[in-house]
Amino acid sequence: MDKKLRIAIDGPASAGKSTVAKILASDLNYIYCDTGAMYRVLTLQALRHDVDVEDESKLVALLKDTDITFEPDGNQQKVFLNGENVTTDIRQPDVTNAVSAVSAHKGVREELVRRQQVIAEAGGIVMDGRDIGTAVLPDAEVKIFLVASAKERAERRYKENISKGIETPLEVLQKEIEDRDYKDSHREVSPLVQADDAVLLDTTSLSIDEVVGRMKEIIQKLI
Ligand code: CDP
Ligand code: CDP
C-alpha cells in the first residue's frame, strides 16, 4: 500500500480497538496512536494533583503542563507523562472510573483533539478512540466502528485481568463497561457515535486475527 492512509477506529470500551489497531499499524508499517491513553494521562494527573474531575478550567490549565508522548515497545506502546513512564498507572481502576468525567469537557477535548491532529498530519497512521472518525479525522480515508456485545467485552477484559493476576468479578466488569459506554455516548461534546461513513464491524464471535483480516478487506475495498 503506497498511499499513507489515515485509519480511524472507534467503538465502545473493550471492543478490541487497541489490540487490532496495534497489529494493523505494525503490518502496514504505520504509526499507532491510542487517543484513550491521552485522556487517561490527564485523568492520572488530575488524581495526583487533587484536581476535581468536574472542574474544566483547572483540568485545561493542568493539561497545558502535561506533555504526553508515546514510545514503541515491541508490539506494545509505552506512554509517558512529562517523561515519566505511566503505561501501567493509566490502566488502574481509579483512572478508568474517572476518565469519562475528564473526557466530557469541551476545553479538554479541544486541546487533545488538536494534539491528535498534529500527530496524524503526515498520514500513515492508525488512530483509535471514540471520536476519531467524527471529530479528530473527519476526512480519514478509512473509518471502522468496532463493536461487540457487552457480555463478550466483559469476558475479554476478565481474561485479560486474570492473565495479569487481577480478579474482578465478571458482573462488576460488565457494569463498569456499560456505565462508561453510557457516559461516553451521552456527553454533549463529540459523543461516542458511529460516523455516517464508517464501516461497522461486529467482533463478538471473531478472534483477533479474524478481526484484523476483516479490517484489511475493508481497507482494500475502500482504496
Ligand atoms: O481501552 P478502553 O476501552 O478501556 O478505553 P480507552 O480507549 O483507554 O479510553 C478511555 C476513555 O477515554 C473513554 O472511556 C472515553 O471517556 C475517553 N476517550 C474519549 O473520550 N475520546 C477518545 N478519542 C478516546 C477516549
Ligand atoms: O481498546 P479496547 O478497549 O477497545 O479493547 P482492547 O484493550 O484492545 O481489547 C480488550 C481485550 O479483548 C484484550 O484482552 C484483547 O486481547 C481481547 N480481544 C479479544 O479477545 N478478541 C478480539 N477480537 C479483540 C480483542
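Residue numbers here run from 1 along each chain, matching the order of that chain's written sequence. All chains are assigned letters beginning at A, and all ligands numbers beginning at 1, according to the order in which they are written. The predicted nature of this model means local features are confined to residues of pLDDT at least 70 and side-chain atom pairs, given and counted, to a pLDDT of 80 or more, with totals for whole chains, interfaces and linings taken over all residues. Side-chain measures were taken over the full set of non-hydrogen atoms in the model, leaving aside hydrogen atoms and water.

If you check an unreviewed UniProt entry, the protein appears there as Cytidylate kinase from Desemzia incerta. UniProt positions are given in the numbering used here, feature names are shortened, and annotations may be inferred rather than shown by experiment. Turning to the protein, the UniProt annotation filed under Sequence similarities (unreviewed entry) states: "Belongs to the cytidylate kinase family. Type 1 subfamily." According to UniProt, the comment filed for the protein under the heading Subcellular location (unreviewed entry) is "Cytoplasm".

### Structural notes on the site of ligand 2
If even one non-hydrogen atom of a residue comes within 4 Å of a molecule or strand, that residue is called near it. Taken together, 14 residues are adjacent to ligand 2, and S14, K17, S18, T19 and E160 come closest. Here a polar contact means two N or O atoms within 3.5 Å. Within protein one must be a hydrogen donor candidate and the other an acceptor candidate, and residues neighboring in sequence count only if both atoms are side-chain atoms. Here an oxygen atom of ligand 2 and a backbone polar atom of S14 are 2.9 Å apart. When isolated, ligand 2 has an accessible area of 540 Å², and the protein chains bury 82% of it. Where the shell around ligand 2 is concerned, the elements lending two or more residues are α1 (17-28), α7 (150-163) and α9 (208-222). Here the residues of the shell around ligand 2 are counted per class, giving five nonpolar, five polar and four charged. Shrake-Rupley sampling with a 1.4 Å probe provides the accessible areas, and residues are treated as covered by the protein chains on show and by no other component. Numbering goes from the N terminus for both helices and strands, where a helix is a DSSP run of H or I of at least four residues and a strand is a run of E of at least two. Think of it as three bins: nonpolar holds Ala, Val, Leu, Ile, Met, Phe, Trp, Tyr, Cys and Pro, charged holds Asp, Glu, Lys and Arg, and polar takes everything else, Gly as well.

### Remarks on the side chain of T96
Considering the arrangement of structural elements, one finds T96 in helix α4 (residues 93-103). Within the structure, T96 has its side chain in polar contact with the side chain of R40 (distance 3.0 Å). We call two residues contacting when some pair of their heavy atoms lies within 4.5 Å. If we skip the residues at most four places from it in the chain, T96 touches R40, R91 and R180.

### Digging into the packing of α4 against helix α8 (residues 170-186)
When two helices pack together, their arrangement is given by the angle between the helix axes and by the axis-to-axis distance. It is the contact of α4 with α8, at a shortest axis distance of 10 Å, that shows an interaxial angle of 5°. Taken together, the axis directions place α4 and α8 in an arrangement best described as roughly parallel. Contacts from T96, N97, V99, S100 and S103 of α4 reach α8 at E176, R180, K183 and D184. Here the residues of the contact of α4 with α8 sort into one nonpolar, four polar and four charged. Angular values range over 0 to 180 degrees, each being the angle between N-to-C directions of two axes fitted as lines to C-alpha atoms, with helices fitted over their stretch in contact. Any angle that is under 35 degrees is reported as roughly parallel, and any over 145 degrees as roughly antiparallel; angles of 65 to 115 degrees are reported as roughly perpendicular and all others as oblique.

### A few points about the site of ligand 1
In the neighbourhood of ligand 1, 20 residues make up the surrounding shell, with R40, R109, D131, R180 and D184 lying closest. Here T35 contributes a side-chain N or O atom positioned 3.0 Å from a nitrogen atom of ligand 1. Between ligand 1 and D184, the relevant distance is 2.7 Å, taken from an oxygen atom to a side-chain nitrogen or oxygen of the residue. In the complex, 96% of the free accessible area of ligand 1, which totals 530 Å², lies under the protein chains.

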